[in-house]
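# Structural description and commentary
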Amino acid sequence: MSFLSQAEWDGFGRYAETPPDRGTLERFFFLDDADRELVEGHRGTHSRLGFGLQLVTVRHVGRFLPDPLDVPASVVDYLAVQLRIDDPSSVKRYLERRNTRYEHQAEIAAVYGYRDFAAAEGEFLRWLDDQAWTTGEGPKALFYAAVAWLRQRRVLLPGVSTLAEAVASVRNAAQQRLYAVLAQAVSAQQAVELEAILRVPEGRRRSQLDLWRHAERSTTGKGMSAALHRVTQIAGLGMRAVEVPAVPARRVIGLARYGMAAKAPKLAGHPYERKLATLLATVRWLEVQATDDALELFDVFMTNELIGRAGKNADRQKLRRLPGQSRHVAVLASAVQVLFEADGWGEAVPLDLVWEAIDTAVGSRARLAAAVAGVQEMIPPPAADVHGQWRAQVVERFATVRPFVRLLCEVIEFGATVDAASVLAAMRDLAHLLEARPSERVPKGYLDARKVNVDIVPKGWWQQLVFPSDRPAGTVDRNAYVFCVLELFHTALKHRDIYAVVSDRWADPRAKLLAGQRWQQVRGPALSALQLPDRPDELFDELTATVDAAWRAAAGGIVPDGPVTVDADGRLHLAKDDALDEPQSLVDLRARTSAMLPEVDLPEMILELMALYPAFPAAFTSISGSTSRLGDLHVSVAALLTAHALNVGLGPVIAGADALTRDRLAHVDQYYLRPNCYRGANAVFVDAQAELGLAQLFGGGLVAAVDGMRFVVPVRSVDARPNPKYFARKRGVTWLNMISDQAIGLTGRVLSGTPRDTLHFVDLVYDPHGGPRPEVLITDAGSYSDLIFGIVTLLGFDYRPVLADLPDTKLWRIDASADYGYLDRTARGRSDLGKIARHWPDILRVIASIHTREISAHDAIRVLQRDGRLNALGEAIAHYGRIFKTLHVLTLVEDPAYRREMKRMRNLQEQRHGLGRKVFHGRKGEVYRAYHDGMEDQLGALGLVLNCVTLWNTLYLDHAMDTLRTQGYPVRDADAARLSVYQHAHLNVHGHYSFVLPDLAGGRRPLRNPDQR
């Protein structure tokens, strides 16, 4: 029961120490007509006021207080005003008659349906058991979920010890039942095999489990073979075949995550059932992870090592041939010029005379023949990709793929759509085809054409390479056919037309869409939440009127010499907005507040916020589920956040204190720092920022911006990808992150390389760490497409991307016959409402699947397109998106305030990234974590520390402005709203790192004197 802090224990079931503000009073303590009628039925002002206090208290707190008058004075005053009682102090007489309070409690319970806990205890314990069994949540989360359940059903809250004991005992029982069910599903022989993976064999330093938990990183053919052997070894235990139908999948995954992180000796020391259950869950999840790791390695190997390297070689060969090809082209140009001139010599020009002129122009006929032959080599095969010459280079690297081609389909079970079934069959056939011995009919280096699927070979380069003119009859080129099948297989795998059956990242996304009974159960609530109708007729009528009005308003707003012009082709041009003036009051306020910020070292800033917000360090809990807290744990956490965010490693933060030793920091790093902890800590900062007056001047927290920050990864990693624009000759990752208009970071995730944000930013928006879900989303052009516009709008967001090239943006109308004056040619596209209507039921199913998180938006987009082309359903959603893209553009050109808000959010994101580069300064700002989880941990720490700086700056800027106001300095809200909370001149991130918080009088550092700079 120690999962509650002393403050949470003492504050349970009573008013908070901080009196409710005016907004809270109006929301929770307002008496409606029925309430007032019930209250007025009692005689005496003290009785009516006391009755009203008990009524609002049970609503707000969830129980009747032992002392009904133990309420904030502001609540008494607010109720007195509503009840027209002039003297609120008369309530002191309420306790004169002992039974009055109990009679009033019984009356309130009878009228409003409140029940004692004892009456609902059986129902509550059944719900609590289901919740603990299905979710596996920690005790604190279960405790507050239990409070919410009781209050929702108007069950009076019991004592804190009663409720905490119930949560602890039920959760423990559910945990023990999980261990028992999983352990009993394992046979005796399987139990022996599972325990064996914890032992360290003779002559080795690590257990088999430790070896399996580390993925292969070598992006070579041998590395691929090693990754597949890892899958074989894990799958060889046969744990996927163990039936555990009664256990929720999320419980197995949660247990597996603990097993993936815990050390083998710790697992070996657990009680027998817990040990077997953990090992079973871990091995099952390891098989999924190993499959994903192998396919991720295969993707990198194909993209970078084979196709990328072959493409570079082909480009180099093109450059080497370029001088010779230029000479050949010059010869041909001279010959053709002679032919043009001969056309003017007369009607009957002798051929010999023409040839004589050509010979004179080019030197000789042999030179002309050589030029023709040279140019013919440049011509690609019919229907060939002009950029596909690399295929001739890749077939020469057969030795690099031979070791794993045979293993890939033998080790990993794949499925395929109807369109890709032939490719998967050809891939499976490669294993025995490569085993065939050469014969007189089929010599070495060739395959029997009767045993391969020649129909899958695409036209163009592969036709030329697989069927060379000099091949023996009835054969195909072995190397070319193998690489042709590999490329087709890789392409289908990326689009999930081929998918792995036992996988997480490479599974079939179509199987995740809502269907059947599950869809019917979810349909009503999901569509209600999204405000989408079953039939779109009325919605289309509304959209038609809205789009028509927007076109007419935009056309009517165009004036001569205005910022918006339309060229002869109907393209819109928008002049650049003038920069906002900076009044002298803003310049002065910015300078004075910046000079007042105290100078601070980053570690002390983190410790200061830990002291100010105890829920921040409390968010870092052990992965083992243990509720015991290490001494000075917050110091160890602060040191690790400093080391990771500054990218300086553990060395500079290690010291002689017990909380700062290498062993202690390594333990805390492994067991206490993980994404769930960062999420909880960030939620504290998001909520704290929203309460500050300066942040409220910035915005209401409902506008968000998404952008990516690039990091070079100089170590070998399958999660780092090349991009010369950002990483030069190295590889890297993107940290896609989202901030609110209150300047606080909401969430972030690490992406391999520099993928288009369209595939990821919707999932980011659905995963904020705290605060309300944003309503307005602002992104750069990298996140934009018509399909994304449709998906995001259908999900209920107001989407505002920054379009890269406004004049070339195609705009759409609905009414084909409407005349929009100046903009009639601009509205050159027409959204097809008929196509949207035909696919409306399927559109609803896809959008509801994303909303309920049955499928990620990333996977849903894969379902809606193929090879960059939208299928019919994707095209219907894109047509819906084009309607709102058009409304967005028309608002953009018409409303300067709309443009300024977008620009402000984009600038805010850039300023935060600038602060990020300042903080993440160690090792040249490069990420040295090789695994995706490690990158998530380090950049998650960076995001949390950036929020530390943001919140600390906001606190002290707020304090500085309050100080200036008390000194008579005029502080205008309009100026304060333009201050930056990403300042860092006062922030020290270099040198010696101290983790001792100085004695702060009043809990806050003194501001500097701005006049003594």
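Being a predicted model, the structure only gives us computed values, none of them experimental.

Before going further, it helps to spend a moment on the overall build of the protein chain. Helix and strand counts for the protein chain stand at 41 helices and 18 strands. If you line up the protein chain on its principal axes, its C-alpha atoms span 130 × 85 × 65 Å. Within the protein chain, the fraction of its 1013 residues that count as buried is 51%. Here the analysis covers contacts within the protein chain between residues at least 6 apart in sequence; of these, 76% occur between residues at least 24 apart. Total accessible area computed for the protein chain in this model is approximately 47,100 Å², and 51% of it derives from carbon and sulfur atoms.

What follows concerns the packing of helix H30 (residues 675–690) against helix H40 (residues 932–966). Between H30 and H40, the least distance of the axes is 10 Å, while the angle of their chain directions is 15 degrees. When the axes of H30 and H40 are compared, the pair comes out roughly parallel. Both H30 and H40 take part in a crossing whose hand is left-handed. For the pair formed by H30 and H40, the contact residues are Pro675, Tyr678, Ala681, Asn682, Phe685, Ala688 and Gln689 on the first element and Asp937, Gly940, Ala941, Gly943, Leu944, Asn947, Cys948, Thr950, Leu951 and Thr954 on the second. For the contact of H30 with H40, a count of residues per class yields nine nonpolar, seven polar and one charged.

The next thing to look at is helix H23 (residues 516–530). The terminal C-alpha atoms of H23, which comprises 15 residues, lie 20 Å apart, in line with the 21 Å expected from a rise of 1.5 Å per residue. By the largest-angle criterion, arginine 523 marks the main kink of H23, which is about 45 degrees, and a proline, proline 525, follows within four residues. Against helix H34 (786–794) and helix H36 (840–851) lie the buried residues of H23. After H23 finishes, the residue glutamine 531 shows a positive phi value of roughly 55 degrees.

Summarising the element assignment, histidine 888 is placed in helix H38 (residues 872–894). With a relative accessible area of 2%, histidine 888 lands in the buried category. In this structure the side chain of histidine 888 is engaged in a polar contact, spanning 2.9 Å, whose partner is the side chain of tyrosine 898. Excluding its chain neighbours within four sequence positions, the residues that come into contact with histidine 888 are Phe789, Tyr799, Arg800, Pro801, Leu803, Tyr898 and Met902.

Take the pattern of salt bridges next. Note on pairing: side chains with opposite charge can pair once their charged atoms come close. Under the defined criterion, the tally for this structure stands at 45 salt bridges. Residue lysine 512 pairs with aspartate 859 through a salt bridge whose shortest N-O separation is 3.1 Å. Remark: aspartate 859 occurs in helix H37 (residues 857–864) and lysine 512 occurs in the loop between strand S4 (498–500) and H23; sequence separation between them is 347 residues. By relative accessible area, which is 9% here, aspartate 859 ends up buried. A salt bridge links glutamate 854 to arginine 518; the nearest nitrogen and oxygen atoms lie 2.8 Å apart. Taken together, the residues span a long stretch of sequence, with glutamate 854 in the loop between H36 and H37 and arginine 518 in helix H23 at a distance of 336 residues. For glutamate 854, a relative accessible area of 30% corresponds to the partly exposed category. Take arginine 518: its relative accessible area is 40%, and that puts it in the partly exposed class.

This brings us to the state of the cysteines. Scanning the entire structure with this criterion turns up zero disulfides. Cysteine 409 provides the cysteine sulfur closest to cysteine 484, a residue in no disulfide bond, and the two sulfurs are 15 Å apart. Owing to a relative accessible area of 0%, cysteine 484 belongs among the buried residues under this scheme.

With that settled, consider the side chain of serine 622. When you line up the elements, serine 622 lands in the loop between helix H27 (615–618) and helix H28 (633–646). By relative accessible area, which is 8% here, serine 622 ends up buried.

A separate point is the packing of aromatic side chains. Taken as a whole, this structure holds 23 aromatic pairs when the rule is applied. When the centroid spacing of 5.2 Å and the interplanar angle of 90 degrees are considered together, the rings of phenylalanine 414 and phenylalanine 489 count as edge-to-face. Placement of phenylalanine 414 in strand S1 (residues 414–416) and of phenylalanine 489 in helix H22 (residues 478–494) is noted, with a sequence separation of 75 residues between them. The class of phenylalanine 414 is buried, set by a relative accessible area of 4%. Take phenylalanine 489: its relative accessible area is 0%, and that puts it in the buried class. Residue placement shows arginine 59 over the ring face of tyrosine 112; its charged tip is 5.1 Å from the ring centre. The ring of tryptophan 355 carries arginine 365 above its face, with NZ or CZ at 4.0 Å from the centroid.

This brings us to the nonpolar core. Formed by 255 residues in total, the largest nonpolar core has its most connected members in Phe414, Tyr481 and Phe616. Among the elements that make up this core, the one with the highest residue count is helix H15 (residues 272–342) (18 residues). Those residues within four positions of phenylalanine 414 in sequence are excluded, and the remaining contacts are Leu295, Leu408, Cys409, Leu424, Arg428, Phe489, Leu493, Ile498, Tyr499, Ala500 and Val501.

Along the chain, leucine 69 falls in the loop between helix H4 (45–61) and helix H5 (73–82). Owing to a relative accessible area of 25%, leucine 69 belongs among the partly exposed residues under this scheme. Put simply, leucine 69 and lysine 92 are 23 residues apart on the chain and 7.8 Å apart in space, counted from C-alpha to C-alpha.

At alanine 743, a residue that is not glycine, the phi angle is positive and equals roughly 75 degrees. In this structure, alanine 743 sits in the loop between strand S10 (731–740) and strand S11 (745–752). The class for alanine 743 is buried, based on a relative accessible area of 1%. Phi is positive for arginine 853, which is not a glycine, with a value near 65 degrees. Relative to the helices and strands, arginine 853 is located in the loop between H36 and H37.

Let's shift gears to the pairing of S10. Here S10 lies mainly inside the structure; nine of its 10 residues are buried. As judged from the nine bridges shared by strand S8 (residues 703–712) and S10, these two strands associate in the antiparallel manner. Residue pairing across strands places arginine 710 opposite threonine 734, the latter belonging to S10. Pairing analysis gives two bridges linking strand S9 (residues 721–722) to S10, with the strands arranged antiparallel. Residue pairing for S10: arginine 721 is matched across the bridge by glycine 732. Taken together, the seven bridges between S10 and S11 define a ladder with antiparallel strand orientation. Its bridge partner lying in S11, methionine 738 is registered against threonine 747. Connecting S10 to the antiparallel partner S11 that follows it, the hairpin turn spans four residues, and alanine 743 within it adopts a positive phi of roughly 75 degrees.

Cut-offs used in this document
- Residues numbered from 1 in each chain as written.
- Predicted model: local features only at pLDDT ≥ 70, side-chain atom pairs only at ≥ 80, totals over all residues.
- Heavy atoms only, no water.
- Helix = DSSP H or I, 4+ residues; strand = E, 2+ residues; numbered from the N terminus.
- Buried < 20%, exposed > 50% of the residue type's maximum accessible area, 1.4 Å probe, protein only.
- Contact = heavy atoms within 4.5 Å.
- Areas by Shrake-Rupley, 256 points an atom, 1.4 Å probe, with all protein chains shown as cover.
- Axes fitted to C-alpha atoms, helices over the stretch in contact; angles between N-to-C directions.
- Parallel < 35°, antiparallel > 145°, perpendicular 65-115°, else oblique.
- Left-handed = near helix turned anticlockwise from the far one by under 90°.
- Nonpolar A, V, L, I, M, F, W, Y, C, P; charged D, E, K, R; others polar.
- Expected span 1.5 Å × (residues − 1).
- Bend = angle between axes of the 7 residues up to and from the residue.
- Polar contact = N/O pair within 3.5 Å; in protein donor to acceptor, adjacent residues only side chain to side chain.
- Salt bridge = Lys/Arg side-chain N within 4 Å of Asp/Glu carboxyl O.
- Disulfide = S-S within 2.5 Å.
- Phe/Tyr/Trp six-rings, centres within 6.5 Å; stacked < 30°, edge-to-face > 60°.
- Lys NZ or Arg CZ within 6 Å of the ring centre and 35° of its normal.
- Core = buried A, V, L, I, M, F, W, Y, C linked by side-chain atoms within 4.5 Å.
- Pairing = 2+ DSSP bridges.

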